[in-house]
Amino acid sequence: MSFDELRDLYQEVILDHGRRPRNHRRLEAFDATAKGDNPMCGDRCQVWIRRTPEGGIADATFEARGCAISVASGSLMTEAVRGRSAGEIHALADRFREMVRTGQHADPSLDTLAPLAGVHEYPSRVKCATLPWHALLAALDGKGEATSER
Ligand code: ZN
């Protein structure tokens, strides 16, 4: 598959998740929730999580109002983190941040999030992609609020 084909495919994934986000609902029974906002773009989101007995994430959902990048990122994120430990999620969040800043995604655990690697070409959109992750980590760490400005 050529680079251009891959690029088109990735755009399709983002458009699909932006239009029909997965897990885009409030979780009825949740252990933690946190909100995030990205004043740069006007994106807002809220994440709900249910923990595993070990403190990882059994289920994660979100609601977002904002651009397609932020909605698609929340959708891909909630699919990627389910069933992972807190440590794995922190590591994944770090590598995801690195990926959207540099476009590099050598780590196989980032494969399902790779469609967002192209965001690095648009520095002003990086915060759109990381916003749901800020909210997720805030929920995981027991903080109620997150901002993309950190
Ligand atoms: Zn945005």
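This text goes with the structure placed above it.
Remember, it's a predicted structure, so these values are computed and weren't measured experimentally.

The rules behind each value
- Residues numbered from 1 in each chain as written.
- Predicted model: local features only at pLDDT ≥ 70, side-chain atom pairs only at ≥ 80, totals over all residues.
- Heavy atoms only, no water.
- Helix = DSSP H or I, 4+ residues; strand = E, 2+ residues; numbered from the N terminus.
- Contact = heavy atoms within 4.5 Å.
- Pairing = 2+ DSSP bridges.
- Phe/Tyr/Trp six-rings, centres within 6.5 Å; stacked < 30°, edge-to-face > 60°.
- Buried < 20%, exposed > 50% of the residue type's maximum accessible area, 1.4 Å probe, protein only.
- Expected span 1.5 Å × (residues − 1).
- Bend = angle between axes of the 7 residues up to and from the residue.
- Salt bridge = Lys/Arg side-chain N within 4 Å of Asp/Glu carboxyl O.

Peer 1: Could you clarify how one ought to interpret the environment of Gly-103 in this entry?
Peer 2: Topologically, Gly-103 is positioned in the loop between α3 (86-102) and α4 (126-140). A sequence separation of 65 residues divides Gly-103 from Asn-38, and the C-alpha atoms of the two residues are 21 Å apart. Those residues in contact with Gly-103 that lie beyond four places of it in its chain are Glu-98, Ala-117 and His-120.

Peer 1: For this particular structure, what's the right way to read the pairing of strand β2 (residues 43-51)?
Peer 2: Each regular strand carries side chains that alternate between the two faces of the sheet. Of the pairings in the sheet, the one linking strand β1 (residues 32-38) to β2 comprises seven bridges and is antiparallel in character. If you follow Ala-34 over to β2, its bridge partner there is Val-47. The antiparallel hairpin formed by β1 and β2 contains four residues in its connecting segment, where Gly-42 sits at a positive phi of about 90°. Of the pairings in the sheet, the one linking β2 to strand β3 (residues 57-65) comprises eight bridges and is antiparallel in character. Bridging from a neighbouring strand, Ile-49 pairs with Ala-60 of β3. Where β2 hands over to β3, the hairpin turn is made up of five residues, of which Gly-55 adopts a positive phi near 95°.

Peer 1: Looking at this model, I keep getting lost on the packing of aromatic side chains. Mind explaining?
Peer 2: Geometry of an aromatic ring pair is reported as the spacing of the ring centres plus the angle between the planes. Counting across every chain of the model gives one aromatic pair. Ring centres of Phe-96 and Trp-133 lie 5.1 Å apart, and the angle between their planes is 25°; this geometry places the pair in the stacked category. Here Phe-96, found in helix α3, pairs with Trp-133, found in helix α4; they are 37 residues apart in sequence, far enough to count as distant. Per residue, the accessibility class of Phe-96 equals that of Trp-133, and both read buried.

Peer 1: In this structure, what is going on with α4? I would like to understand it.
Peer 2: Given 3.6 residues per turn, any residue in an α-helix points the same way as the ones three and four places further on. Look at α4: 22 Å from first C-alpha to last across 15 residues, which is about the 21 Å you get at 1.5 Å a residue. At Pro-132, α4 shows its maximal bend, which comes to roughly 25°. Here α4 lies mainly inside the structure; 14 of its 15 residues are buried. Just downstream of α4 lies Gly-142, where phi reads positive at about 80°.

Peer 1: How do you make sense of the pattern of salt bridges when you look at a structure like this?
Peer 2: Any two side chains of opposite charge can pair, given that their charged atoms come close. Going through the model one piece at a time under the given rule, you end up with five salt bridges. In this structure, Arg-22 and Asp-16 form a salt bridge, with 2.7 Å as the shortest nitrogen-oxygen distance. In this structure, Arg-97 engages Asp-94 in a salt bridge whose closest nitrogen and oxygen atoms are separated by 2.8 Å. Of this pair, Arg-97 and Asp-94 both sit in helix α3, three residues apart, which is roughly one turn of the helix.

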